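# Inside the fold
What follows is the residue order along each chain.
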Amino acid sequence: MGLLLKLALLGVALYAAYRTFSRWKGLYDRFVGPPPVPQKPEPPRAPEPAPAPQTAQAKPKVIEETVQCAGCGAYVSTAAAKCGGCGRPLP
Ligand SMILES: [Zn+2]
């Protein structure tokens, strides 16, 4: 019985809280007025602008000029003083 009593009391309390809340809400609405309702109909959605034409991606620059090593055949940057593979000095 105790549980039922508690549930009943809880229900009464909730009901009372709800009634109190709605009464205050009614008073508030009477004094302040209902919140303004936007009357403007929502304009039709404009079509999304087409994405800007993507500029042609810049071609990657030639990073380095390479030269084939005469000693080992490895391609070595011309900026290098000597081959990284065999150590042969580049022309
Ligand atoms: Zn080499």
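Structure first, text after, so check above.
Residues numbered from 1 in each chain as written. Predicted model: local features only at pLDDT ≥ 70, side-chain atom pairs only at ≥ 80, totals over all residues.

This part takes up the overall build of the protein chain. For the protein chain, the count of helices and strands is one helix and two strands. Look at the contacts in the protein chain between residues 6 or more apart in sequence, and 0% of them connect residues 24 or more apart. (Helix = DSSP H or I, 4+ residues; strand = E, 2+ residues; numbered from the N terminus. Contact = placed C-beta atoms within 7 Å.)

The subject of this paragraph is the environment of Ala 70. Mapped onto the fold, Ala 70 is located in the loop between strand S1 (66-68) and strand S2 (75-77). A residue is classified by how many C-beta atoms lie within 10 Å of it, and Ala 70, with 11 of them, is exposed. Placed 18 residues apart in sequence, Ala 70 and Arg 88 show a C-alpha to C-alpha distance of 8.3 Å. (Buried ≥ 20, exposed ≤ 12 C-beta atoms within 10 Å, placed from the backbone.)

Here helix H1 (residues 2-32) contains 31 residues, and its C-alpha end-to-end distance of 44 Å stays within 8% of the 45 Å for a straight helix at 1.5 Å per residue. Counting buried residues along H1, only zero of its 31 residues qualify, which leaves the element largely exposed. At the C-terminal side of H1, Gly 33 shows a positive phi close to 95°. (Expected span 1.5 Å × (residues − 1).)

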